[in-house]
Amino acid sequence: MEENRPLAVGGMEVVLEVGDLSSTYLACLQLWFRSHFSRASQFSPTNQIGFQSSGIFSKRALSSTQGGELGGLGFHLSGTVTDPATPSTPELVCSVSVSFDRCKITAVTCTCGNKDIFYCAHVVALSLYRVRKPEQVKLHLPISETLFQMSRDQLQKFVQYLISVHHTEVLPTAQKLADEILSQNSEINQVHGAPDPTAGASVDDENCWHLDEEQVQEQVKLFLSQGGYHGSGKQLNLLFSKVREMLKMRDSNGARMLTLITEQFMADPRLALWRQQGTTMTDKYRQLWDELGALWMCIVLNPHCKAEQKSSWLRQLRRWNSVDVCPWEDGNHGNELPNLTHSLPQGAHGNQEMRPHRTVFTRAIEACDLHWQDRHLQHIIASDLYANYCYHDNQDGSLFDTRGWPLWHEHVPTACARVDALRSHGYPREALRLAIAVVNTLRRQQQRQLEHFRRHKKELLHKGHTSITNMEGWVGHPLDPIGTLFSTLTESGRGGEEGSNTCLDLSDCSSVVSRAELQRMPVQRLLGDGESYVALAVETALIGLGQQRVMPDGLYAQEKAVFLLEAGPYSGLGEIVHRESVPMHTFARYLFTSLLPHDAELSYKIALRAMRLPVLESTASSGDLSRPHHIVSVVPNRYPRWFTLSHIESQQCELASTMLTAAKGDSRRLETVLESIQKNIHSSSHIFKLAQDAFKIATLMDSLPDITLLKVSLELGLQVMRITLSTLNWRRREMVRWLVTCATEVGVYALDSIMQSWFTLFTPTEATSIVATTVMSNSTIVRLHLDCHQQENLASSARTLALQCAMKDPQNCALSALTLCEKDHIAFETAYQIVLDAAATGMSYTQLFTIARYMEHRGYPMRAYKLATLAMAHLNLSYNQDTHPAINDVLWACALSHSLGKNELAAVIPLVVKSVKCATVLSDILRRCTLTTPGMVSALHSRRNSGKLMSLDKAPLRQLLDATIGAYINTTHSRLTHISPRHYSEFIEFLGKARETFMMAHDGHIQFTQFIDNLKQIYKGKKKLMMLVRERFG
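Residues numbered from 1 in each chain as written. Predicted model: local features only at pLDDT ≥ 70, side-chain atom pairs only at ≥ 80, totals over all residues. Heavy atoms only, no water.

**Considering the overall build of the chain**
Then, in step 1: Within the chain, the secondary structure is distributed over 45 helices and five strands.
Then, in step 2: When the 1034 residues of the chain are sorted by exposure, 49% land in the buried category. (Helix = DSSP H or I, 4+ residues; strand = E, 2+ residues; numbered from the N terminus. Buried < 20%, exposed > 50% of the residue type's maximum accessible area, 1.4 Å probe, protein only.)

Here it is, written out as C-alpha cells:
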C-alpha cells in the first residue's frame, strides 16, 4: 500500500484520501476484530450497537452513528455515536474522533470513558460507518486551509460563534490566546503560522498505529498487583499473545507494547522483596518472565530488523539486565550456580563461580549478535527445492545428510529461536523449512552417537559411567526449542498457518540466493516417502525427551525439566548413565505403554532400565544393594540439591506400577519387576503405594486372586516394614494393619512367618496390639477356614510373640500379652510374672492400675490387689490435685481392698496416706470406708466377717482420719497464702467440708474451734474474709 502525502488544497487529494481512509480503517478493524471478537459479539442488535455473529456491523448499529454530525476534516474524522438505552443502563451519547496518517490510525478519543488498551466499540462504530457509507461522510480540507480562504469579517464571525457555542469550555483559553497575540513580545508571536491538528504530519515524521501507552502500563501494573489471582496471569498471557499477533502482522507497535510491558514487570516491587528475602517467585509469575524473554528473542531476531533499531533494543536490554532485581534465568536468588551459556563448549564446566548470573534477558542480548546472512541458511529458508544429491561428505560439519537434504549446524536452542522468530514475524513456510533442517540435523547427530557408542561399548561398559556432553537440556529450556519444533511441524500438519503465502525477502543481505540458482536445483519435497509432519513432530519430541543431561541447579529449571523428564534413547536409556543424569521415568512409561502390544520384551527392557535413580544409590558395594532394606535415603549435603526429588520418585513409582499391572499372571515378569523395585525405589511411601496397587490388582472382584502378584505385594509390604521400623512415619499403623491383611490373603503360612520374624518388622507394641490380636481374631479364622490344629499353631505363635514382646517392652505390651495368653495357663502365669518383675522398675502407676483392673475383671481380685498396691507406691497426689485422673484409680484400689477384708484395707491405707495429700480425696475415701463392713468378697467364702462397721478411733481408720484432718489444715493455709476476694465464697464452702471431717473425730468440735481461732489470729489482716468466717463458723 502506497503511503499518502499530507492533504493539500485541491479535490484530487481529497478523493484519494477517501480510498486510503477505507483501507486504513479496514486494516485497523481487522486487527481489532481478531483481538476483540468475543467482546465485539456482545454488541448484538438487541443492544442496538454491536456485531452480528458474522462479525459485520448490524444495520441498527450503523444507524446509531449519527451521520448528520459525522464529518472528515483533513486528517481528522469525528462524529457522535449513540448507545441506546437498555433496561439496566440509560442512553449514552459519545463524541468520537479519529486521527490518521499514511494508512495508520494515529490517535482516537471517545467520551464514553472506557479505559482499555484497545479501541472502544464507539470508535469502531464510527470507523465502520465511514468504511460502509463513505458517501455520507462529508470531507473537508484541513481547518487551516478553510481559515485561509476567509475574510477578516468571516474570521471574526467564526471565532465569536465558536466561543458562543462553547463559551464555558473555550472562553478562558480564547481570552488567554487573545492576550498573547496582542502582546508584541509574547512567545506565540515569535512563531510563524499556527498549529493545525487536522493537517496531518510531515512526510518525514515518524508515524505509527495508535497505542495508548498509559493504558498499557496501567493494565499491566494492575494485573501484576493482583499477584496471579483473579485471572490476572491469563490476562497478561493475552497481552503477550497480542504482541505476537502484532509481530506477525509486522505492526511496529509490537516492540513498543512489549517495552511498556517489560518496564512494568521490572518495576514490580515484589522483585526487590524476593531478592531481599532470598525466596523464589511463584511458578505462574516465573512463566510470565520466561515468555517475556522469549518474546524479546523474537524481536531481536526479526529478519528485517534495521541495524539502528537492533542497537536501540540492545541498549534497552542491557539496561534492564544490569538492574539488581532483574530475575535470573534459572529462577534462583540463592547461591546456586548459573546455567551455562551456549557460547561455552558443550560439556565444559569451566569456572562457574567466575561467570556472572544469567538473567531472563541474557539470551536476547546474545541474539543481537546473530544475523541471517549465511548463504547456506538463506538457501534453506528460501525454497523447498534446496538439496544436493551428489553430496556424500559424512563429517560432523556436513551441510547435507546422506539423502542430500540440507542440515543446519547451530546450537539447538538458538536454531529453534530462529524458527520461532520466523513464525512470529509471519513467515510460517520459511520457519517450516528451517525446522525440518534442524530436525534432520538432530536425526543425524543421534545416529552418529549410536555408531560411536557401538564402537566404544566395551570400553564404556568397563568404566561404568559416562560423561555428560549436554549441560543444557532442550526440554524445559527457557526458549523451549523442542516445543517450537513440535508446534511448527504440527501446525503445518494441520494445513499451515494464515499468511503462509507471504515470502521472506532477504535481498538486503550480503549473500543472495538467486531465483535462477534455485531453479537449477533438483525438485525435492520437504518430507521423505511415507513421512508426515505430525510423525516428524512426534519423533522430534522423542529425541528431545530422550536427551541425557545433568539436572540443572535452579529449582525452577528443575521443575520445568521434571514435568517432561528428558533423558536419552541411547545414552539416557543405555547401559550406563551419569550419576546426576536427569531421570526419564515418564518418558519410559510412555514408551512401555506404546511398545507393549507390539514388542513386550523390548518394552520391559526399556522400562526396567529406566527404573534406576543413580543419584540415590549409596556408595556401598553391589552386594549391599541386593539387600533393599539396607538402602537409605539421601544424606543431607552429600548429594546435589535436587529440589524436585519427591516428584521424580513419584514418576518412578508410576512406572513401576504400570509394569506391575501389565505383568499380572506372568510370574517371571513379576519377579523381575519386584527385583527392580527393591533395588531402585528407596521411598517407603512409594513402595507402600506399589504394594497396595499390586494387592488391588491381585484381588479384583471379577476374578480369582493372583497368588503370585499377592506374594509380590507381600514382599513389598515386608520391605516397607523393614525400612520404616526405626524411622518415624505417620502412616506406620496403617502400613502394619495393611500388611496383616495382605498376609491373611496370601495364607496361614504368611501369617505365621511374619509372627516368627516380628522383631525385624514390627515394634513390640505393633506386634502385640495389631499383629497378634488380628491373627487371633475370629474374623481371621473364618476368613482362612482354619481347622483346630491350624488354629492352635497360630495361637501358639501369637502367645510366643506376646511373651517376647512383654519381656522387651513390658510397659506397653504386658496387658496385650496377658490378654493373648488367657487361654493358656502356663503362658498367662509367665506374663503375670513379667508384670510383677517390671512393676518395681519400669512401669508407671497408670499402667499398673490398668492391668490391675483387667485382673479384677478377669476374676483375679487378689492379683489385682497386689498390682494396685504396687501402683500406689508410685503415686503422689499433692493438696491441690483434686481433679487428677488417678483419683478414680485410688478410689477403686481402696474399694477393692475394703471388699477383700480388714487386713487388706489396713495394708493399703498407709500407702494412701503416704501417696495422697489432697484433703477432698482422703475425706472421700474415709467416708466410703465407714459406710460398709470390710471384707464383703471374703465373706462369701468364709465367716471371718463380723458384720460390724470399722471404728474411727482404731487402726487403720484412725490413721486415715488424722491424715485427712491434717490435709485440710495444710490445704487451708496454702489457699490463704494467695487467696483473692473472688474466691472467698469458695473458701468458706471448703471450710464447711473440713468441719464435717473434723466432726468425725470424738474431739473434732474442739479441734475445729481451735483451728478457726488460729485462722482469725494469723490472718486477721484479711478482715473481710475473717468476717465471713465468723459469720459462718462463729
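**Here's the deal with the confidence of the model for the chain**
Then, in step 1: Scored by pLDDT, the chain comes out at a mean of 78, with 78% of its residues at no less than 70.
Then, in step 2: The low-confidence segment residues 496-501 (pLDDT under 50) makes 12 contacts with residues lying over four places distant or belonging to another chain.
Then, in step 3: Scored below 50 in pLDDT, residues 619-639 shows 19 contacts in the model against residues more than four places distant or in partner chains. (pLDDT = per-residue confidence, 0-100. Contact = heavy atoms within 4.5 Å.)

**Describing the packing of helix α40 (residues 919-931) against helix α42 (residues 957-977)**
Then, in step 1: In contact at an axis separation of 8 Å, α40 and α42 are set at 155 degrees when each is read in the N-to-C sense. Between α40 and α42, the interaxial angle falls into the category roughly antiparallel. By crossing handedness, the relation of α40 to α42 is classed as left-handed. Contact residues: α40 offers Ala-919, Thr-920, Leu-922, Ser-923, Ile-925, Leu-926, Cys-929 and Thr-930, while α42 offers Leu-957, Leu-960, Leu-961, Ala-963, Thr-964, Ala-967, Tyr-968 and Thr-971.
Then, in step 2: Classifying every residue of the contact of α40 with α42 gives 11 nonpolar, five polar and no charged. (Axes fitted to C-alpha atoms, helices over the stretch in contact; angles between N-to-C directions. Parallel < 35°, antiparallel > 145°, perpendicular 65-115°, else oblique. Left-handed = near helix turned anticlockwise from the far one by under 90°. Nonpolar A, V, L, I, M, F, W, Y, C, P; charged D, E, K, R; others polar.)

**Some thoughts on the environment of Ile-965**
Then, in step 1: Relative to the assigned elements, Ile-965 resides in helix α42.
Then, in step 2: The spacing of Ile-965 and Arg-995 is 30 residues in sequence and 9.1 Å in space, taken between C-alpha atoms.

**Side note on unusual backbone geometry**
Then, in step 1: The phi torsion at Arg-250 lies on the positive side, around 60 degrees, for a residue other than glycine.
Then, in step 2: Along the chain, the position of Arg-250 falls in the loop between α8 (232-248) and α9 (253-266).
Then, in step 3: In the Ramachandran plot, Asp-480 falls in the positive-phi region, its phi being about 50 degrees despite a non-glycine side chain.
Then, in step 4: Structurally, Asp-480 is set in the loop between α17 (457-463) and α18 (481-493).
Then, in step 5: For Asp-480, a relative accessible area of 37% puts it in the partly exposed group.

**Things to note about the nonpolar core**
Then, in step 1: In terms of nonpolar packing, the biggest core is built from 180 residues, with Leu-660, Ile-677, Leu-716, Phe-762, Leu-818 and Ile-925 touching the most fellow members.
Then, in step 2: Ignoring sequence-local partners within four residues, the contact set of Ile-925 consists of Val-890, Leu-891, Cys-894, Val-912 and Leu-960.
Then, in step 3: With 50 residues, the next largest nonpolar core counts Tyr-285, Leu-301, Cys-305 and Leu-479 among its residues. (Core = buried A, V, L, I, M, F, W, Y, C linked by side-chain atoms within 4.5 Å.)

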